[in-house]
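Descriptive structure summary
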Amino acid sequence: MNRRRLILLAPAVLALALTMLAGCEREPARPSFQSIDITGATYAQRLDLPDADGKPRSLADYKGKVVIVFFGYTQCPDVCPTALAEISDLKNRLGADGARVQPVFVTVDPERDTPEVIKAYVGGFGPDYVALRGTPEQTQAVAKEFKVFYAKVPGKAPGSYTVDHTAGLYVFDAKGQVRLFARYGSGADALLADVKLLLAGA
């Protein structure tokens, strides 16, 4: 290729490079979540358990809503009621958009959390809360899928116990994809900001 042709090609090459750079600049930036962004995680993909009425449930049932999943138990003294109350507060603060948020409570203590007990428990936080309760084997499998730890801790009275468990919220977008893990204690304001981003399509 002679020098003249190289000179003639130079503007075209420069224009192509500038176009490619402009295209890169137009790529949307990743949302700035305050919770831990786990978008693309290969875990927390399935949640197949019966609800308090014995109806089989899965994440697909809640497509179109932002789903907040929390693992706990009804006799939890502080962490569980605090987390569920924060979700209720979040829904209230969202106004009409609160109906687009679906809280799901998964018991890690199916032995004591009978269908009647768990249904009454979540009902105290809101009429649209879903309570899921599996067999001990199902609970173990789901906890493994979500990388959730739980274990009985013997109490002072014979036969009594508490349950140590992972304290955090898994948040799914309206397409059913897991997006966030919010540690317990992160604060209602941080979770509210993140949910607003997901509701907006982030």
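What this report covers is the structure whose coordinates are included nearby.

Reading the values: the criteria
- In every chain, residue numbers begin from 1 and rise along the written sequence.
- pLDDT decides what is reported in this predicted model: residues at 70 or higher carry local features, side-chain atom pairs at 80 or more are listed and counted, and totals for whole chains, interfaces and linings draw on all residues regardless.
- Only hydrogens and water are set aside; all other atoms, that is, all heavy atoms of the structure, feed into the side-chain values.
- Here a pair means two rings of Phe, Tyr or Trp (six-membered ring of Trp) with centres within 6.5 Å. Their orientation is stacked below 30 degrees between planes, edge-to-face above 60, and tilted elsewhere.
- Two limits define a charge over a ring: the Lys NZ or Arg CZ must be within 6 Å of the ring centre, and within 35 degrees of the ring normal.
- Starting at the N terminus, helices and strands are each numbered in turn, a helix being any DSSP run of H or I of at least four residues and a strand any DSSP run of E of at least two.
- Only protein chains enter the calculation, and the probe is 1.4 Å; a residue is then buried if its accessible area is under 20% of its type maximum, exposed if over 50%, and partly exposed in between.
- In what follows, a contact means two residues having at least one pair of non-hydrogen atoms within 4.5 Å.
- Counted as salt bridges are all cases of a side-chain nitrogen of Lys or Arg within 4 Å of a carboxyl oxygen of Asp or Glu.
- This arc describes the spread of directions from the helix axis toward the C-beta atoms.
- How far a helix is expected to stretch is found by multiplying one less than its residue total by 1.5 Å.

1. Side note on the packing of aromatic side chains
Following the criterion strictly, the structure yields eight aromatic pairs and no others. Between F125 and Y129, the ring centres sit 6.2 Å apart and the planes meet at 35°, which makes this aromatic pair tilted. Through successive ring pairs, a cluster of aromatic residues spans F70, F105, Y121, F125 and Y129. Residue placement shows K147 over the ring face of Y43; its charged tip is 5.1 Å from the ring centre. One cation-aromatic arrangement involves K152 over Y161; the distance from NZ or CZ to the ring centre is 4.5 Å.

2. Focus: the environment of F181
Within the fold, F181 resides in strand β10 (residues 178–183). You can call F181 buried: its relative accessible area is 15%. Apart from residues no more than four positions distant in its own chain, F181 is found in contact with S35, I36, I38, T166, A167, G168, L169 and Y170.

3. Structural notes on the pattern of salt bridges
Pairing between side chains of opposite charge can happen when the charged atoms of each approach one another. One pass over the structure, following the stated rule, counts ten salt bridges. For D53, the salt bridge goes to K119, with nearest N and O atoms at 2.8 Å. Here K119 lies in helix α3 (residues 115–123) and D53 lies in the loop between β2 (49–50) and β3 (56–57), a separation of 66 residues in the sequence. D89 serves as the salt-bridge partner of R93, at 3.4 Å between the closest nitrogen and oxygen. Of this pair, R93 and D89 both sit in helix α2 (residues 79–93), four residues apart, which is roughly one turn of that helix. Take R93: its relative accessible area is 41%, and that puts it in the partly exposed class. One network of salt bridges, in which partners are shared, links D89, R93 and D189.

4. Notes on α3
Those residues of α3 lying buried are I118, Y121 and V122. Along α3, the residues classed as buried sweep out an arc of 85° about the axis, all on the same side. More than 90 degrees from the buried face of α3, the exposed residues found are E116 and A120. Buried residues in α3 make contact with α2, β5 (101–107) and β6 (130–132).

5. Quick look at α2
Between its terminal C-alpha atoms α2 stretches 21 Å, which fits the 21 Å expected from 15 residues at 1.5 Å a residue. On its buried face, α2 is in contact with β4 (66–72), β5, α3, β8 (161–165), β9 (168–172) and α5 (188–199). In the segment just after α2, G95 is the residue with positive phi, at about 65°.

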